Amino acid sequence: MKQLFLLFITFFKVGVFTFGGGYAMLPLLQDELVRRRKWTTDEELLDYYSIGQCTPGVIAVNVSTFIGYKQKGIIGGCVSTLGMITPSLLIIMLIAAVLAKYMHNQYLSYAFAGIRVAVTALIADTLLGLWKKGVKEKWAFGIFLVSVVLLLWLNLSAIWIVVLASAAGVNIYKFGKQKGEKK
Amino acid sequence: MIYLILFYEFFKIGLFAIGGGLVTVPFLFDLAEVYPWFDAKDLADMIAISESTPGPLGVNMATYAGFKAAGVGGAIVATLGLVIPSVIIIMLVSKLLKKFRNNIWVDSVLSGIRPAVIALILFAGLEVAKLAVVDWKTLLMFALFWGAIHFYKKSPIFYIVISAVVGIVFQL
């Protein structure tokens, strides 16, 4: 029971402070789930993002279901997801009902402009950490570089990037085995 | 009755929108054409508000659209409809993953995807950066914040709260 409550509260907190969608949420998830609660690792979190990218639905929800299910089975998955969506429900309903006309308030837009900068800096630092951990070998750097090119210049959708990268992963393993190396 | 329709429509979106929040938008435009709940102009407002409020974009959009269509009940039904397919699918995937975690093929697929996901996050970060870092004031703030984040590992929530205050004080 205590664990379920913790799951709900943790994802509620993440839901309240996520500005800018699923990827912007990653620094928060790392802090709460990896460093504070030790429910998962950076590497596992990345795997959840990979899978969340090619399964249907909102990525934030996919990740919360993953973590909750791992901790406490089906109920855990449901409770975490409820925790993640409850802040949205409350905040959006409040805005839709009464606050829509204040959304153009000057001070509010100053605050959001500030928050966007912080979110950019948080993502930058997260990327640096992931880069150091996840892109060590030459082949990993190759996959990263090709993905960046495909994303930036060819506007390929994320699903294709994931599909191509998994094919690359399998081939690198096969090739590595042929050469008698370890991957 | 409207609750049932809302649930069904958003369940469908949850099932077919692969790749995150913004992907739900075209589906919502389809809904606007079929049902009298909201029109394209309402949707534009909804997107703007969903992007500047906390929470996952897709969930915000579902809540807003459901609320417009049928009040508080509509908001809850639409949001649950959107997330239930994900929850079921992810639990199934999670079960499979547990079973095949140590399978060498699954492992090589995942290790291939990892560097690609880092590229995807970089891409998302650049999209945010384009909106965030627009002049020398925001560039300076970005540099200072990154430095602070890197050397004082405080919670991201701390930096988000501070950044809102900085935004107001310096009128960004």
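The structure presented is a predicted model; accordingly, all values stated were derived computationally and were not measured.

Basis of the calculations
- Sequence order as written defines residue numbering, which begins from 1 separately in each chain.
- Naming scheme: in the order in which they are written, chains are lettered from A and ligands are numbered from 1.
- pLDDT decides what is reported in this predicted model: residues at 70 or higher carry local features, side-chain atom pairs at 80 or more are listed and counted, and totals for whole chains, interfaces and linings draw on all residues regardless.
- Side-chain descriptors were evaluated using all non-hydrogen atoms of the structure, hydrogens and water having been removed beforehand.
- Secondary structure is summarised from DSSP: a helix means a run of H or I of at least four residues, a strand means a run of E of at least two, and numbering begins at the N terminus for each.
- As defined in this context, the radius of gyration uses C-alpha atoms, and a globule is described by 2.2 Å times the residue total to the power 0.38.
- Between buried and exposed lies partly exposed: a residue is buried under 20% and exposed over 50% of the maximum accessible area for its type, with that area taken using a 1.4 Å probe on protein chains only.
- We define a nonpolar core as any set of buried Ala, Val, Leu, Ile, Met, Phe, Trp, Tyr and Cys residues linked to one another through side-chain atoms lying within 4.5 Å.
- When checking whether two residues touch, look at their non-hydrogen atoms; a contact exists if any pair is within 4.5 Å.
- A simple way to read buried area is as the amount of 1.4 Å-probe accessible surface that goes missing from two parts once joined, with both sides added.
- Here, a salt bridge means any Lys or Arg side-chain nitrogen found within 4 Å of an Asp or Glu carboxyl oxygen.
- Identification of polar contacts relies on pairs of N or O atoms within 3.5 Å, with a donor-acceptor requirement for protein atoms, meaning one able to donate a hydrogen and the other able to accept it, and with residues adjacent in sequence counted only if both atoms are side-chain atoms.
- Given a helix with a known number of residues, its expected span is that number minus one, times 1.5 Å.
- Here the arc refers to the set of directions running from the helix axis out to each C-beta atom.
- Bend is computed residue by residue as the angle between axes fitted to the seven residues ending at the residue and the seven residues starting at it.
- Scored from 0 to 100, pLDDT records how confident the predictor is in each individual residue.

A. Main features of the overall build of chain B. Summing up its helical and strand segments, chain B has 7 helices and 0 strands in all. Starting at the N terminus and ending at the C terminus, chain B contains elements arranged as α-α-α-α-α-α-α. Since a compact globule built from 172 residues should have a radius of gyration of about 16 Å, the 20 Å found for chain B marks it as more spread out than a globular shape. Over its C-alpha atoms, taken along the principal directions, chain B stretches across nearly 55 × 50 × 25 Å. Looking at chain B as a whole, 49% of its 172 residues are labelled buried.

B. Spotlight on the nonpolar core. Grouped together as the largest cluster of nonpolar side chains are 104 residues, with contacts concentrated most on Leu-29, Leu-45 and Tyr-49 of chain A together with Phe-10 and Ile-121 of chain B. By residue number, the principal contributor to this core is helix α4 (residues 57-100) of chain B, which donates 16 residues. With sequence-adjacent residues up to four places away left out, Tyr-49 of chain A is seen in contact with Gly-22, Tyr-23, Met-25, Leu-26, Leu-29, Ile-59 and Val-63 of chain A together with Val-117 of chain B.

C. View of the interface of chain A and chain B. With 92 residues of chain A at the interface, the matching set in chain B holds 82 residues. Between chain A and chain B, the buried area comes to about 8100 Å², and carbon and sulfur atoms account for 80% of it. We note a salt bridge from Arg-114 of chain B to Glu-43 of chain A, for which the minimum N-O separation is 3.2 Å. Our count for the chain A to chain B interface comes out at 9 residue pairs in polar contact (both at pLDDT 80 or more). Those elements giving two or more residues to the side of chain A that touches chain B turn out to be α1 (2-17), α2 (26-36), α3 (42-54), α4 (59-99), α5 (106-134), α6 (138-154) and α7 (158-178) of chain A.

D. The arrangement of helix α7 (residues 156-169) of chain B in detail. Its 14 residues give α7 of chain B an end-to-end C-alpha distance of 20 Å, which sits within 8% of 20 Å, the value for a rise of 1.5 Å per residue. All of the buried residues along α7 of chain B are Pro-156, Ile-157, Tyr-159, Ile-160, Ser-163, Ala-164 and Gly-167 of chain B. Along the axis of α7 of chain B, the buried residues cluster in a sector spanning 160°; they form a single face. Looking at the buried residues of α7 of chain B, the elements they touch are α1, α2 and α5 of chain A together with α6 (136-151) of chain B. Its side-chain oxygen 3.1 Å from the backbone nitrogen of Ile-157 of chain B, Ser-155 of chain B forms the N-cap of α7 of chain B. Where α7 of chain B terminates, the next one or two residues include Gln-171 of chain B, which has phi positive at roughly 50°.

E. A look at unusual backbone geometry. Not every positive phi belongs to a glycine, and Lys-38 of chain A is a case in point at roughly 55°. Along the chain, the position of Lys-38 of chain A falls in the loop between α2 and α3.

F. Representation of the environment of Val-61 of chain A. Topologically, Val-61 of chain A is positioned in helix α4. Once the C-alpha coordinates of Val-61 of chain A and Gly-22 of chain A are considered, the two residues, 39 residues apart in sequence, prove to be 8.8 Å apart. Those residues in contact with Val-61 of chain A that lie beyond four places of it in its chain are Thr-81 and Ile-85 of chain A together with Val-59, Val-83, Ser-86 and Val-87 of chain B.

G. Just helix α5 (residues 104-132) of chain B, in detail. The first and last C-alpha atoms of α5 of chain B sit 42 Å apart over 29 residues, in line with the 42 Å expected at 1.5 Å per residue. Along its length, α5 of chain B shows its largest kink, about 30°, at Arg-114 of chain B, and proline Pro-115 of chain B lies within four residues downstream of that point.

H. Highlighting the side chain of Thr-79 of chain B. The residue Thr-79 of chain B is located in helix α4 in this model. Judged by relative accessible area, Thr-79 of chain B falls into the buried class, the value being 0%. Side chain to side chain, Thr-79 of chain B and Thr-63 of chain B meet in a polar contact 2.9 Å long. Setting aside residues no more than four positions away along its own chain, Thr-79 of chain B makes contact with Ile-85 and Leu-89 of chain A together with Val-59, Ala-62 and Thr-63 of chain B.

I. Looking closely at the confidence of the model for chain B. Residue and element names in this part refer to chain B. Model confidence for chain B is summarised by a mean pLDDT of 88, while 98% of its residues fall at 70 or above. Within chain B, helix α3 (residues 40-51) has the poorest average pLDDT of any element, 80, and α6 the best, 94. As a predicted assembly, this complex carries a pTM of 0.83 together with an ipTM value of 0.82.

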